[in-house]
Amino acid sequence: MRALEVARVALILGTLVLVCLTANMALKLGRRDVVGRNSNALLGDRTYKCGLSKVCPQGHFAFKIQTGSANIIGPTICFEDKVLLRSTLNNVGVGMNIALVDGTTGKLIKTGAFETHNINNALKFLQDIDERTLVLVASFDNMGTVMNDELKQLFTKLGSSYVNSIGYRDNWIFIGSKGINGKSQFEEYMKNVKETNLYEDWPKTLLLNGCIPASSITATTSGF
């Protein structure tokens with residue numbers, strides 16, 4: 001009988017040790033919000049501003065842009081570890097979502113969300129921007145029907161390569177700048193093709209992140 005009691009005690013102690021080890025491992029591997037203001041509080045894998053895996057070089061800004069997912073989850077724009085656009089901020093909408101940032105200081109100028117019937121508002125929003133202003137764009141659901149020729153020409157001047165191809169429910173991420181010389185390196189485009197779509201009537205969600213030099217569109221997105 002005594003041997004049986006010793007075995008029971010040993011089993012209980014072993015179980016407690018296993019539980020403690022498991023809890024400790026879970027804590028170390030715990031996930032966190034990589035785009036919040038406290039993104040440098042470390043648990044598990046180390047990340048930096050806007051969830052990047054590396055520190056941006058001096059004189060560069062960290063960014064992360066994600067399109068909306070189908071017509072359910074809105075887009076997100078993070079810049080220098082500050083979320084500029086997100087559904088929980090109540091500043092995104094179906095169509096084209098834009099954040100204007102001072103390309104020298106990295107400070108937010110203003111944000112806007114433009115649906116199909118807001119083409120004139122989108123034009124006015126973009127036509128009066130200053131030189132070196134960064135224009136960050138993320139699509140949500142259907143942005144293609146927002147575009148007219150005047151708006152497409154404006155984005156072409158900002159450095160876009162794909163704006164003339166955007167159609168119904170295509171996904172698009174873009175960072176451009178007024179006065180840019182050539183084409184922006186910061187652009188992703190996904191065509192709405194029902195046979196290859198991830199969400200039936202919508203293409204997969206696009207994500208673009210990296211570092212961008214102050215007052216420039218020449219930078220790298222690889223390795224982040």
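Residues numbered from 1 in each chain as written. Predicted model: local features only at pLDDT ≥ 70, side-chain atom pairs only at ≥ 80, totals over all residues. Heavy atoms only, no water.

Asker: Would you mind going over the state of the cysteines in detail, with residue names and values included?
Answerer: Inspection of the entire model under this criterion finds two disulfides. A sulfur-sulfur separation of 2.1 Å characterises the disulfide bridge that pairs C50 with C78. Residues C50 and C78 share a disulfide whose torsion about the S-S bond is about -85°; that sign makes it left-handed. Here C78 lies in strand 2 (residues 76-79) and C50 lies in the loop between helix 1 (2-28) and strand 1 (60-66), a separation of 28 residues in the sequence. With respect to burial, C50 and C78 carry one shared label: buried. A sulfur-sulfur separation of 2.0 Å characterises the disulfide bridge that pairs C56 with C211. Linking C56 and C211, the disulfide has an S-S dihedral of approximately -85° and is accordingly described as left-handed. Pair noted here: C56 is in the loop between helix 1 and strand 1 and C211 is in strand 9 (residues 207-213), with a separation of 155 residues, a long-range link. Judged by relative accessible area, C56 falls into the buried class, the value being 15%. You can call C211 buried: its relative accessible area is 2%. If one numbers only the bonded cysteines of the protein chain, in the order they occur, the disulfide pattern is 1-3, 2-4. (Disulfide = S-S within 2.5 Å. Helix = DSSP H or I, 4+ residues; strand = E, 2+ residues; numbered from the N terminus. Buried < 20%, exposed > 50% of the residue type's maximum accessible area, 1.4 Å probe, protein only.)

Asker: Requested: an account of the side chain of D141, with residues and values cited.
Answerer: Along the polypeptide, D141 turns up in the loop between strand 6 (133-140) and helix 3 (149-157). Taking the relative accessible area as the measure of exposure, D141 reaches 12% and is therefore buried. With sequence-adjacent residues up to four places away left out, D141 is seen in contact with A70, N71, V94, R169, D170 and W202. (Contact = heavy atoms within 4.5 Å.)

Asker: How would you sum up unusual backbone geometry? Please name residues and give values.
Answerer: Unlike most non-glycine residues, E80 shows phi in positive territory, near 55°. One can find E80 in the loop between strand 2 and strand 3 (82-85). The backbone phi angle of E200 is positive, close to 60°, even though this residue is not glycine. With respect to the element layout, E200 can be found in the loop between strand 8 (187-190) and strand 9.

Asker: Outline the pattern of salt bridges, listing residues and values.
Answerer: One pass over the full model with this rule turns up four salt bridges. Note that E80 is salt-bridged to K49, the shortest N-O span being 2.9 Å. Of this pair, E80 sits in the loop between strand 2 and strand 3 while K49 sits in the loop between helix 1 and strand 1; the two residues are 31 residues apart in sequence, bridging distant segments of the chain. Given a relative accessible area of 22%, E80 falls into the partly exposed group. (Salt bridge = Lys/Arg side-chain N within 4 Å of Asp/Glu carboxyl O.)

Asker: Describe the packing of helix 2 (residues 119-127) against helix 3, listing the residues and the values that go with them.
Answerer: In a packed pair of helices, the relevant descriptors are the angle between the two axes and the axis-to-axis distance. Packing of helix 2 against helix 3 leaves a shortest axis separation of 10 Å and a crossing angle of 25°. If you check the angle between helix 2 and helix 3, you find them roughly parallel. In this structure, helix 2 crosses over helix 3, and the sense of that crossing is left-handed. In contact with A122, L123, L126 and Q127 of helix 2, helix 3 contributes E150, L151, L154 and F155. When its residues are assigned to classes, the contact of helix 2 with helix 3 shows six nonpolar, one polar and one charged. (Axes fitted to C-alpha atoms, helices over the stretch in contact; angles between N-to-C directions. Parallel < 35°, antiparallel > 145°, perpendicular 65-115°, else oblique. Left-handed = near helix turned anticlockwise from the far one by under 90°. Nonpolar A, V, L, I, M, F, W, Y, C, P; charged D, E, K, R; others polar.)

Asker: Lay out the sheet that holds strand 3 in plain terms, naming residues and giving numbers.
Answerer: Strands sit in the order 3-2-1-9 across an open sheet of four strands; the sheet is antiparallel. Looking along the sheet, the strands with just one partner apiece sit at the ends: strand 3 and strand 9. Between one strand axis and the next, the sheet turns by 20° as a mean value, whatever way the strands run. (Pairing = 2+ DSSP bridges.)

Asker: I'd like a description of the sheet that holds strand 7 (residues 171-177), backed by residues and values.
Answerer: Strand order in the open sheet made by the five strands is 5-4-6-7-8, with antiparallel pairing throughout. Sheet topology places strand 5 (108-114) and strand 8 at the edges, where each strand pairs with a single neighbour. Each strand of the sheet is rotated relative to its neighbour by a mean of 15°, with strand direction disregarded. Relative to strand 7, strand 6 runs antiparallel, the two sharing five bridges. If you follow V137 over to strand 7, its bridge partner there is F174. Sheet strands in contact with helix 2 are strand 4 (95-102), strand 5 and strand 6, and its direction is about 165° off that of strand 5.

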